[in-house]
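Close look at the chain arrangement
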Amino acid sequence: MSQKNLFLFKPLAFRTQVLLLVGTLVVATLLVQGAYLNHRQGQIITEQMGLRAMMVAQTVALMPELIQAFDTPDPARVIQPLAEQVRIATGARYVVVGNQEGIRYAHPLPERLGLPMVGGDNERALLGGEAYFSQAEGSLGEAIRGKAPVVNAQGEIIGLVSVGFMLEKVDVDIDNYLALSWGLIGLMLLLGLCGAWWLAHHFKKVILGLEPHEIARLVMEKDAILHSIHEGIVAVNQEGHITLLNQAARRLLDLPDESSTLGRPVQELVPNSKMREVLSSGERQFNQEMWIGEHPVVVNRVPIVHEGKIEGAVATFRSRQEILELSLALKTVNKDMDALRVQAHEFSNKLYTISGLLQLNKPQQALSLIRQETDREQARLATVLEHIADPLVGGILLGKMAYAEQKGVRLELVEDSALHTRLSGRGQDVLISVLGNLLNNAVDAALQGGQHQSRIRLFFTDLGEQLLFEVEDNGPGVDPALMAHIFQDGFSTKPGRHRGIGLALVRQLCLENGGDISLEDGDLGGACFIVTLAKTRMALNEDKAP
């Protein structure tokens, strides 16, 4: 690292280091110590509640009246009042008494008398004669429970007593004990962080040795970056040497790391860069197209100016793919709008015709015209529903069939076509874009073929591991000399601007989704485009399907 870069880096790093070191030390020490002490205090309170529950259970188990009641015909009649007196006096949530089979003789809810005890941890008392406490889920909720066996005069275990304090009440008691402790810890944390901030701020004032113009250049450079497109970013100083290169730029330029590029002239990494022009003229350049390796990008270049002097420049660039998709979407919308205008015009003519027939008192002819239009639309809809399971893909196909019909082109579906795969959202977007482009191009090609009947034939299938689509027209076909260029971005045989986008985008979408596109001579005499897409990338994941 150069001496200049080291000098620029140390003040900020040292200030941050002091703040992080002191602040982290204070916070970590107080939090660890407070968490341990509070956790230990909570354990002690929990143990005390457990011991209290166990002692109450032992006391109840030693009551002579309770032991004698086990030999009576109805033990619950004597034991239930005794247990309730103890429960109320001790503040326990429940005092439950049961026999050796766990059948309740006492319970806070009288309707549960005679039912089995819940919890599953009675064996130590009933089999081993042990008094203990535990935490378990009972019929009234999770509680800390003390258990003790009931032993008769002969030393036989005839039942057990279970005394419980609800865990939520124990937690409330613990929270009350710990509230003051955490409050003090919070105050100490605040004081410690304030002290760390003051110390870091003091060191910043003492050791800051940067010149004002250097600080201003850094601030303006960051500000220019923040106000530009946040994809690939390259910043240079007034000598044209790179001072900043983000991860997206390194990936696009195929560079290993940032340290090997900082300080190098920008012309070494991007030979066709125009950063030198911006540094010399001070003029901003927006939406400039250029190639970086094999990637077409759109670049914005902004100079960094301080007190009328150019201190450097920042270039931001993004993939031209976004603009291609936007242009394609706009083109599709325009075509759909034209189709809707035509449909509205034709529909208006038909309405006028029906109105005229009714005025001429020809209702049968009017009904016949309505039935004819309805049957044609229903037949078209039934055909699409029979072949395509996905509604969005079916919708784009219905729209293109109507569009082709308005243009005087017959769009045919091959009888064996089928697409029963459930598509993901990404798969739907890809297919809509691919089919929309190919069918639009096929309509244009079919109209140029000079045939008596312009035709398009569409075949698709999802058998196997891929989705296969074939779009064939009876147009003039593609000149063999142009085969190598037909999928290149910007290449088109049609006149006008904004051409050469659709096929390039289709090919890119195919490659991104595990497939490809190829061109062959079709049986109808024109071109036949064959598209394959990986089913695993297009299909909806059934495990995540709603």
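Further up the page is the structure itself.
What comes next concerns the included structure.

Procedures and definitions
By convention here, each chain's residues receive numbers from 1 onward along its written sequence. In keeping with the predicted nature of the model, local features appear solely for residues at pLDDT of at least 70, side-chain atom pairs appear and are counted solely at 80 or more, and the whole-chain, interface and lining totals rest on all residues. Side-chain figures throughout are based on the complete set of non-hydrogen atoms in the structure, without hydrogens or water. Secondary structure elements follow DSSP: runs of H or I of four or more residues count as helices, runs of E of two or more count as strands, with numbering from the N terminus. Accessibility here uses a 1.4 Å probe with only protein chains present; expressed as a share of the type maximum, an area under 20% marks a residue as buried, one over 50% as exposed, and anything in between as partly exposed. Contacts are residue-level and defined by heavy atoms, with any inter-residue pair within 4.5 Å sufficient. Two strands pair under a simple rule: DSSP has to find at least two bridges between them. Working definition: a ring pair exists when centres of Phe, Tyr or Trp rings (six-membered ring for Trp) sit within 6.5 Å. Plane angles under 30 degrees give stacked, over 60 give edge-to-face, the rest tilted. In this scheme, Lys NZ or Arg CZ marks a charge over a ring once it lies within 6 Å of the ring centre and within 35 degrees of the ring normal. In the sections that follow, a salt bridge refers to a side-chain nitrogen of Lys or Arg positioned within 4 Å of a carboxyl oxygen of Asp or Glu. Patch building starts from residues that exceed 30% relative accessible area and form no salt bridge, then joins like charges within 9 Å and nonpolar side chains (Val, Leu, Ile, Met, Phe, Trp, Tyr) within 5 Å. Per-residue and other accessible areas follow the Shrake-Rupley method at a 1.4 Å probe size, with only the shown protein chains counted as cover for residues. Axis lines are fitted through C-alpha atoms, for helices just across the contact stretch, and the angle between N-to-C directions can take any value from 0 to 180 degrees. Here a crossing is called left-handed whenever its near helix is offset anticlockwise from the far helix by less than a right angle, and right-handed whenever the offset is clockwise. For this classification, the nonpolar set comprises Ala, Val, Leu, Ile, Met, Phe, Trp, Tyr, Cys and Pro, the charged set comprises Asp, Glu, Lys and Arg, and every other residue, Gly included, is treated as polar. Under this scheme an angle from 65 to 115 degrees is roughly perpendicular, one under 35 degrees roughly parallel, and one over 145 degrees roughly antiparallel; angles in between are oblique. Residues enter a nonpolar core if they are buried and are Ala, Val, Leu, Ile, Met, Phe, Trp, Tyr or Cys, with the set joined through side-chain atoms within 4.5 Å.

Regarding the overall build of the protein
Secondary structure assignment for the protein yields 15 helices and 15 strands. Relative to its full complement of 546 residues, the protein shows a buried share of 42%. Of the contacts formed within the protein by residues at least 6 apart in sequence, a portion of 58% connects residues at least 24 apart.

Structural notes on the pairing of strand 7 (residues 242-245)
Side-chain direction in a regular strand flips from residue to residue, so the side chains alternate between the two faces of the sheet. Taken together, the 3 bridges between strand 6 (residues 232-237) and strand 7 define a ladder with antiparallel strand orientation. Across the sheet, Val234 pairs through a bridge with Leu245, a residue of strand 7. The antiparallel pairing of strand 6 with strand 7 creates a hairpin that spans 4 residues between the two strands, and Gly240 there sits at a positive phi of about 85°.

Structural notes on the packing of aromatic side chains
The full count for this structure, using the stated rule, is 2 aromatic pairs. Relative to Phe469, the ring of Phe460 lies with its centre 6.1 Å away and its plane at 35°, an arrangement referred to as tilted. Both residues of the pair, Phe460 and Phe469, belong to the buried class. Over the face of the ring belonging to Tyr132 we find Arg124, whose NZ or CZ atom lies 4.1 Å from the ring centre. Lying across the ring of Tyr403, Lys400 places its NZ or CZ 5.7 Å from the centre.

A word on the pattern of salt bridges
Inspection of every chain in the model, using the stated rule, returns 7 salt bridges. Between Arg124 and Glu130 there is a salt bridge; the shortest N-O distance is 2.6 Å. Since its relative accessible area comes to 41%, Arg124 is described here as partly exposed. In this structure, Glu472 and Arg457 form a salt bridge, with 4.0 Å as the shortest nitrogen-oxygen distance. One end of the pair, Glu472, is in strand 13 (residues 466-473); the other, Arg457, is in strand 12 (residues 454-461), and 15 residues separate them in sequence. Judged by its relative accessible area of 6%, Glu472 is buried. Connected through salt bridges with shared partners, the residues Arg410, Glu412 and Arg455 form a single ionic network.

Considering the side chain of Gln80
Tracing the backbone shows Gln80 in helix 3 (residues 75-90). A relative accessible area of 13% places Gln80 in the buried class. Dropping the residues within four chain positions of it, Gln80 is found in contact with Tyr105, Ala106, His107, Pro110 and Leu113.

What about a nonpolar patch on the surface?
Together, Leu187, Leu190 and Leu191 line one region of the surface with nonpolar side chains, adding up to about 310 Å² of accessible area. In this fold, Leu187 is placed in helix 5 (residues 167-207).

Quick look at the packing of helix 13 (residues 425-447) against helix 14 (residues 502-512)
Two elements in contact, helix 13 and helix 14, have axes whose closest approach is 10 Å; the angle formed by their N-to-C orientations is 145°. Both helix 13 and helix 14 take part in a crossing whose hand is left-handed. Here helix 13 contributes Arg426, Val430, Ser433, Val434, Asn437, Leu438 and Asn441 to the contact with helix 14, which in turn contributes Gly502, Leu503, Leu505, Val506, Leu509 and Glu512. For the contact of helix 13 with helix 14, the per-class residue count stands at 7 nonpolar, 4 polar and 2 charged.

Looking at the packing of helix 12 (residues 391-406) against helix 13
One can describe the packing of helix 12 onto helix 13 by two numbers: an axis separation of 10 Å at closest approach and a directional angle of 15°. When the axes of helix 12 and helix 13 are compared, the pair comes out roughly parallel. Handedness of the helix 12/helix 13 crossing: right-handed. Every residue of helix 13 that contacts helix 12 at Leu392, Val393, Ile396, Leu397, Lys400, Tyr403 and Ala404 is listed here: Gln428, Leu431, Ile432, Leu435, Gly436, Leu439, Asn440, Val443 and Asp444. Within the contact of helix 12 with helix 13, the residues separate by chemical class into 11 nonpolar, 3 polar and 2 charged.

A look at the environment of Asn122
Relative to the helices and strands, Asn122 is located in the loop between strand 2 (104-106) and helix 4 (123-126). Residue Asn122 is classed as buried on the basis of its relative accessible area, which comes to 11%. The spatial distance from the C-alpha of Asn122 to the C-alpha of Lys147 is 7.7 Å, given a sequence separation of 25 residues.

Quick notes on the pairing of strand 14 (residues 516-521)
As judged from the 6 bridges shared by strand 14 and strand 15 (residues 527-534), these two strands associate in the antiparallel manner. Among the inter-strand pairings, Asp516 is bridged to a residue of strand 15, identified as Thr532. Taking the residues that link successive antiparallel strands as the turn, the strand 14-strand 15 hairpin has 5 residues, and the phi of Gly525 there is positive, at about 100°.

Observations regarding the nonpolar core
Formed by 41 residues in total, the largest nonpolar core has its most connected members in Leu397, Leu431 and Ile456. When contributions to this core are tallied by element, the ones reaching two or more residues are helix 12, strand 11 (409-413), helix 13, strand 12, strand 13, helix 14, strand 14 and strand 15. Examining the composition of this core, we find that 9 residues originate from one element, helix 13, more than from any other. Not counting chain neighbours up to four residues away, the residues in contact with Leu397 comprise Val384, Ile388, Leu411, Leu413, Leu439, Leu458 and Phe460.

As for the sheet that holds strand 11
Two orientations exist for strands paired in a sheet by backbone hydrogen bonds: parallel and antiparallel. Taken together, the 5 strands give an open sheet; going across it, the order is 11-12-13-15-14, and neighbouring strands pair in mixed fashion. Looking at which strands have only one partner, the edges of the open sheet turn out to be strand 11 and strand 14. On average, adjacent strands in this sheet sit at an angle of 15° to one another, irrespective of strand direction. For strand 12 and strand 13, the ladder comprises 6 bridges, and the chain directions are antiparallel. Across the sheet, residue Phe459 finds its bridge partner in strand 13, namely Glu470. Packing of helix 13 onto the sheet brings it into contact with strand 11, strand 12, strand 13, strand 14 and strand 15, and relative to strand 13 it is tilted by some 15°.

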